[in-house]
Structures are given as C-alpha cells and as structure tokens.
Amino acid sequence: MKKQNEIFLPKARKADLVTRQMPGELLVYDLKRHKVFCLNDMSARIWRWCNGKRTVAELTAELENHFQLPIDERIVWLALNQLEMFHLLQRVSGVSFSRQFSRRALMRAGLATAIALPIVTMIAAPTVAAAASAVTAQACGTFTPPCPGGPCINQGSKLCVLSPNKNICKCR
Amino acid sequence: MIQPTSLNSNISKSHFGGCLIARMLERSWRAVPGPLSISPEDIHEVAPQLLATGTGALAWHCIQSLDPPSTGPFLDLRNAYRQHAAESAVHQINTSDIFTRVRAAGIEPVLFKGWGLARLYPDAGLRPYGDIDLWVEDLQELSAALPSGDERVYCVDPHVSFYPQYERSFDDVMRNSHLVNLDDVRVRVPADEDQLRFICLHFLFHGAWRPLWLCDIALMVELTDSKFDWDRCLGGKRKHADWIACAIGLAHQLLGADVSGTPVEKRAQTLPRWLTTAVLKQWEKGNGMSLAESLSFSLPRRLLNPRTLVSAISEHWRNPIQASVEVNAWFNESPRLFFQFVSAFPRIPEFIKYFGTEIRRA
C-alpha cells in the first residue's frame, strides 16, 4: 500500500458530471451513464480534494486538518475505492483497489467511531411515468432522441419513435 | 418518528388509495407543508403510486422533518427527491443551452411547464423534470436550430398550438410573457395568468391522472397576488372558464389549496359530485391515457389474449373528466356516462381496424 500510495495521485473526473450541493451531501449526475450518485460529506470532501496533485497521505493529512482528528489512511482508500467503482475518478492504470478497504472491514477494525465513513451510493429511484404528449408528424420530426414515444395525431396508431438507422424521431 | 394518526372521517371508503394520495400531498408545495394526516402504514401503501406519478419528492418534503427511517418506501421517497434535485441541475443547463441556441438562430420561444413551473417551488428537487416544452411560431426553424447528431442530449417538445380551448394565440402569449434569469440566460416564460390557464386545461385533457399536476395548480393559485389578472386567466368562453375554476376547485377540495379571495372561491366549494370522485378513482388506478392517445402503447401484445383484451378495452374507456373535455361538455351535475360513450365512438373504427391487423398478423 505504501508504494502504491507514493505514486498514486487521484484526480476527480469532471467531464460530463453535474453536481448539486445539498445539506450534508453532494449529488452528482453522470451525463454519460444517466446515473445519480450521492456522496456523503466525507466522500464529497475527498472527491473535491482529488486534484491529481495530492497523494493519499496528503489527502489524509487534509482530512486530519479539517476534522482535527487522527484519520486512518484506509478511510481515504475506502472513499477512493467507491469513487473509482462509480467512475467518478479519472482512470489511472497500475492502481488496484483492494477489498481490504471495504466499509465492513474498516468498521470491524474500529475506524468508524469518531467520524462518519465515506459513503458513495447510486440513487435508484423508480422511473416516473411521463404523460405522453400527442404530436403531429411534423412535430415528431423535430424531436431530438430519445424520442417521446407518444402518439402521433391523425396517424392511426403510429407512435413518435426512433427511426432505425437514422437516429431521428419519426411517426411509425 | 411519524406518529400514526387516524384518517380524516370524510375520506370515502371507496377510492381509498386516491384519498390517501390526496391526504399525503395536502399543502406539500409549501415551504412548510403542515401536519401530516396519514399514518406510516398508509405511506407504505401509497408510496409506489406517489413514485410512479412523480410526487415522491413532494411526499418526502412532507415527512422529512419527522425523521422517517432510511429504509423501504421512506428511502425510495428520499431518493426520488435526490434524483429530481440532481436532474434539476441538468435540466437547468439544458434549458439555458436551448435558449442560447435558438436565440442565436433568431427564434424566441416561450417555455411552458418544466423549469418555468419548477422554479416556483420552494426547492428544486420537489418536482420531476422531463421534456423542454417550447411554444414557437415555426417548427421548421426550430428544428434547424436544435442540436443534431452526437450533440443531442435533451428532449425538446415543440408546440405551434395548444388546445383550442386555450383560446390564446402565440402573439398574445408572447406579448404578455416575461423573461426570468436562469444562470446567465434570460428564459422567456408565459405570464402567470397564461401558465395557470394552460396547466388547468392540461390537467383536465390528460384525465387528471397525475396528482403532481394538481399540486402545480395549487402552487400557482397560492402564489397569485393583487397583480394577478384573473380576467385574463379566465377570459374566453364561459364554459372553459368554468373548467379552469373547477380544476382550481379540485386543488382546494383535494389538496387544501387556499383559494380565498379569488374569483373562483365560490365555484371551488360547489364542484360537481362526479368530478372529485373521478379524480380520486383515477389516482387510485394510476397512469391514465393521454389526450389524443387512441390506442395504448401496450395494446398490440395484449390484443390476442382474451383476459388482457378485456383490461385493454377498459383502459381505453375515458374517465368522466377526459370524456367531458373531449366532447366539450359543461362541468355540471348531469351524468357523465353519455359523454363517455360519445368520446368512445370515434375511436371504435380504429380499434377494430387495429384488432383486425393483429389477427391477420397472428
């Protein structure tokens, strides 16, 4: 771990991500994967400090400085492990994330007493049923995919859907 | 923790699920929603319907101060709020992007619903986000200005007209519209009077199936002040003004919207009996069929199975609200069955044709 720590300069992914700060947590929307992630305060701090210039030891020192508490390096690794799993870090070759940094392992080691462990969760909210608006054939053609899938006016049972091989919306 | 409470005695035993949704969403659009009148067990029961119809976050807003457990349906409601909050950030970027693009092409659209409504809520995460509804003069021009190919990342729903009962021209709406700031972009939204009129008609034409739409109406009505021009909002044919008054009346009777001092106050107290029942019944049932949707999307795969065919046909039966607006009927005490039959007739030939095609295909 020591050797890995010295060379590993984690960098937060910024491209195609949109964030919204909420009380006590940070929400991250991945525009590529259309997923929402929730970072608790600890993991959000670590993620923000991952600028590609700090080592894991330096990130740990930042946390110690912030919380005014001794912090085990494994807590930072736990955060990085989760951030990497959800593609929130820029890809780094040659770094392997070990299972020894699982939340359960750290709790067993008694590291979750003074501060909250970093947690990154993927939000799995049920899909909201949308009201399918009826569109004219002309209006359907102006949609940008994903197509609405709603009915086409005066077109029988045709729906405004993606036209195969053309990547345009069409009443079919 | 949420304390169990007995249900209000005037909740009807029939349409129980619809009544629970109404109780859950009472005053949910306010910054401080007020006391909850349903029990945790009831929330368990009604959560799937709330989530499916886009009101999970509003429900969370009502219960979050009661320190609910982070498990089961309570977690689902919280996650719906988180999801909408994150999506709101994306939706805002997309909305400002589309306005920048179309303005560069010399087009000035008016944004209906979406962010135009969501911005009125006390929190960006309380409402789901979908298409970007733009009213424009010319669809071809808009189409040319929209992002193409790999650039396409959001769905624009363009309109050149709305329901005839809206009785407003593009020029008229444009003249009364105003600009609001969204980050660095000025987004054009309709006047509150035109927006409220539109969302009331939209709610009725879609058969009132989404409780979220009634929360939108309640929110807008409670935001009206002395400057709000009710004559403009209700202006036009008397029948359609009455429809709008009835939609606002439903927000009052079912969700507790404050309509005191408005011109619709009296009408809100005396709604036709069938109207409230129809909404509660529809909410209990869940998703409905949209305006001009003659055949449901799932129909083809169900047509040839006798058991599912019966349910498919029943789904295509318009509820009293949708039938009434489709045949342009008054909202009075007369029975609605006749209107439901009348609204079904135009769709029968198409249904039979579709059925015939499926049989031949089989």
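Residues numbered from 1 in each chain as written. Chains lettered and ligands numbered in written order. Predicted model: local features only at pLDDT ≥ 70, side-chain atom pairs only at ≥ 80, totals over all residues.

### Considerations on the overall build of chain B
In terms of helices and strands, chain B carries 18 helices and five strands. Relative to its 362 residues, chain B shows a buried fraction of 47%. When contacts within chain B are restricted to residue pairs at least 6 apart in sequence, those whose partners lie at least 24 apart make up 70%. (Helix = DSSP H or I, 4+ residues; strand = E, 2+ residues; numbered from the N terminus. Buried ≥ 20, exposed ≤ 12 C-beta atoms within 10 Å, placed from the backbone. Contact = placed C-beta atoms within 7 Å.)

### Considerations on the confidence of the model for chain A
Of the residues in chain A, 58% reach a pLDDT of 70 or more, and the chain-wide mean stands at 78. Mean pLDDT per element in chain A: helix α1 (residues 2-7) of chain A is the minimum at 58, and strand β2 (residues 25-30) of chain A is the maximum at 96. (pLDDT = per-residue confidence, 0-100.)

### Side note on the sheet that holds strand β4 (residues 120-123) of chain A
Residue and element names in this part refer to chain A. Pairing in this open sheet of four strands is antiparallel, and the strands run β1-β2-β3-β4 from one edge to the other. Two strands bound the open sheet, and with one partner strand each, they are β1 (17-22) and β4. Across the sheet, the mean angle separating the axes of adjacent strands is 25 degrees when strand polarity is ignored. Pairing geometry for β2 and strand β3 (residues 35-40), over six bridges, is antiparallel. (Pairing = 2+ DSSP bridges. Axes fitted to C-alpha atoms, helices over the stretch in contact; angles between N-to-C directions.)

### Remarks on unusual backbone geometry
Residues and elements named next belong to chain B. A positive phi is found at Asp-183, a non-glycine position, where the angle reads about 50 degrees. Topologically, Asp-183 is positioned in the loop between β4 (178-182) and β5 (185-189). We classify Asp-183 as exposed; it has 10 C-beta atoms within 10 Å. Positive phi is not limited to glycine here, since Asn-328 has a value of about 60 degrees. Along the polypeptide, Asn-328 turns up in the loop between α16 (320-326) and α17 (337-344).

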